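Remarks on the overall topology
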Amino acid sequence: MTRLVRLSVLAVASAALVACGGGAKLGGGKEGAAQAFFEASQPAGKNSAQGSAMQRLASGVTLGAETVACTHGGSVKLSLDLSSFDSTDTDSASFGFELEYDDCNEDGVNEYDGKMKMLFDFAGTPDSAFMSLRFKGKLNINGEIDDHLEVDITQSVSLVDMGAATGSVTVKLKGTIKTSQETHTYNDEAITITVGGALPAEVDGNS
């Protein structure tokens with residue numbers, strides 16, 4: 001009887017762990033959410049000899065769609081979408097994309113899944129040094145972090161920084177990033193991010 005009770009307790013505990021997920025919630029407040037979002041946005045800016053995927057799609061070098069490999073496995077599929085988010089976004093110098101994440105792993109420990117739309121605004125040519133990118137959608141994070149990002153935000157960043165593999169970069173954010181715990185609002189705020197750094201975990205219910 002005692003053995004049966006112990007087995008029942010173990011079964012309940014195991015079920016609770018599965019229900020709660022394997023990782024911690026995302027911590028770090030606004031900076032942590034910005035870091036997770038920037039990490040997710042990086043595959044679109046990865047460069048090859050022909051430029052980044054969004055550059056190639058916008059310039060017509062690649063037609064329709066292109067799949068980008070993430071640093072530590074998985075991928076992001078970029079599809080050209082000429083429709084805007086809404087009528088106020090319509091701009092002759094804008095290109096729309098849909099980003100579809102399939103276990104995209106940029107930091108070696110966390111994977112992103114889900115979809116976002118991205119509007120790429122540039123002045124002059126698609127290879128402008130500084131870009132304004134609007135993102136809208138939801139991504140799930142699985143790994144050391146078990147959370148999600150629901151974004152409606154504009155990120156201003158240099159093309160070089162977006163494709164950076166190491167070091168620190170500064171991005172400017174305007175809009176909102178929601179996680180399972182908090183909603184963060186950014187008002188043209190400059191955030192410095194360590195590329196490839198570990199995502200911060202929530203500790204004892206605090207960011």
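Criteria and thresholds
Residues numbered from 1 in each chain as written. Predicted model: local features only at pLDDT ≥ 70, side-chain atom pairs only at ≥ 80, totals over all residues. Heavy atoms only, no water. Helix = DSSP H or I, 4+ residues; strand = E, 2+ residues; numbered from the N terminus. Buried < 20%, exposed > 50% of the residue type's maximum accessible area, 1.4 Å probe, protein only. Contact = heavy atoms within 4.5 Å. Areas by Shrake-Rupley, 256 points an atom, 1.4 Å probe, with all protein chains shown as cover. Pairing = 2+ DSSP bridges. 1 Å grid on protein atoms, 1.4 Å probe; cavity = no way out; pocket = protein on both sides within 12 Å on 5 of 7 lines; lining within 4 Å. Points joined across faces, edges and corners; volume = space filled by probe spheres on them. Nonpolar A, V, L, I, M, F, W, Y, C, P; charged D, E, K, R; others polar. Patch = residues over 30% accessible without salt bridge, like charges linked within 9 Å, V, L, I, M, F, W, Y side chains within 5 Å. Salt bridge = Lys/Arg side-chain N within 4 Å of Asp/Glu carboxyl O. Lys, Arg positive; Asp, Glu negative; His and termini not counted. Charge placed at Lys NZ, Arg CZ, Asp CG, Glu CD. Core = buried A, V, L, I, M, F, W, Y, C linked by side-chain atoms within 4.5 Å. Phe/Tyr/Trp six-rings, centres within 6.5 Å; stacked < 30°, edge-to-face > 60°. Lys NZ or Arg CZ within 6 Å of the ring centre and 35° of its normal.

As for the overall build of the protein chain
- Each helix and strand counted, the protein chain has four helices and 10 strands in total.
- The N-to-C order of helical and strand elements in the protein chain reads α-α-β-β-α-β-β-β-β-β-β-α-β-β.
- Residues counted as buried form 44% of the 207 residues belonging to the protein chain.
- Sequence separation of 24 or more characterises 56% of the internal contacts of the protein chain that already satisfy a separation of 6 or more.
- Surface summary for the protein chain: the accessible area is close to 10200 Å², and the carbon and sulfur share equals 52%.

Looking at the pairing of strand E9 (residues 168-178)
- With seven bridges joining them, strand E8 (residues 147-158) and E9 adopt antiparallel strand pairing. Looking at the pairing, Asp152 lines up with Thr176 of E9.
- Here 11 bridges tie E9 to strand E10 (residues 183-194), and the two strands are oriented antiparallel to one another. What sits directly across from Val171, in E10, is Ile191.
- The hairpin formed by E9 and E10 contains four residues between the paired strands.

Some words on the layout of surface pockets
- Empty space within the largest pocket amounts to approximately 170 Å³.
- Around the largest pocket, the lining is made up of 13 residues, and of these Gln42, Thr71, Glu106, Ala164 and Ala165 lie nearest the centre.
- Per-class residue counts for the lining of the largest pocket are four nonpolar, five polar and four charged.

Points about a negative patch on the surface
- Together, Glu100, Asp102, Asp103 and Glu111 line one region of the surface with negative charge.
- With three residues, strand E5 (residues 94-105) is the largest single contributor of residues to the negative patch.
- Summarising the element assignment, Glu111 is placed in strand E6 (residues 110-121).

Notes on the nonpolar core
- Of all hydrophobic cores here, the largest spans 47 residues; its most connected members are Met54 and Tyr112.
- Per-element tally for this core: the top contributor is helix H2 (residues 29-41), with six residues.
- Among all residues touching Met54, those that are not within four sequence positions of it are Ala44, Gly45, Leu78, Phe97, Met118, Phe120, Met131, Leu133, Leu159 and Met162.

Here we look at the pairing of strand E7 (residues 130-143)
- Note: E7 against E8, 12 bridges, orientation antiparallel. Each residue of the ladder has a partner; that of Phe130, found in E8, is Ser158.
- Turn length for the E7-E8 hairpin, with the two strands adjacent in sequence and antiparallel, is three residues.

Details of the pattern of salt bridges
- Taken as a whole, this structure holds three salt bridges when the rule is applied.
- When the shortest N-O distance is used, the salt bridge between Arg134 and Asp152 registers 3.0 Å. Taken as a pair, Arg134 in strand E7 and Asp152 in strand E8 lie far apart in primary sequence, 18 residues in all.
- Among the residues examined, Asp152 registers a relative accessible area of 29% and is labelled partly exposed.

Quick word on the packing of aromatic side chains
- Within this structure, the stated rule accounts for one aromatic pair.
- Taking 5.0 Å as the distance between ring centres and 85 degrees as the angle between the ring planes, the aromatic pair formed by Phe37 and Phe135 counts as edge-to-face. Of this pair, Phe37 sits in helix H2 while Phe135 sits in strand E7; the two residues are 98 residues apart in sequence, bridging distant segments of the chain.
- Look at Phe135 and you get buried, because its relative accessible area is 0%.
- Taking the ring centre of Tyr186 as reference, the NZ or CZ of Lys30 above it sits at 5.2 Å.

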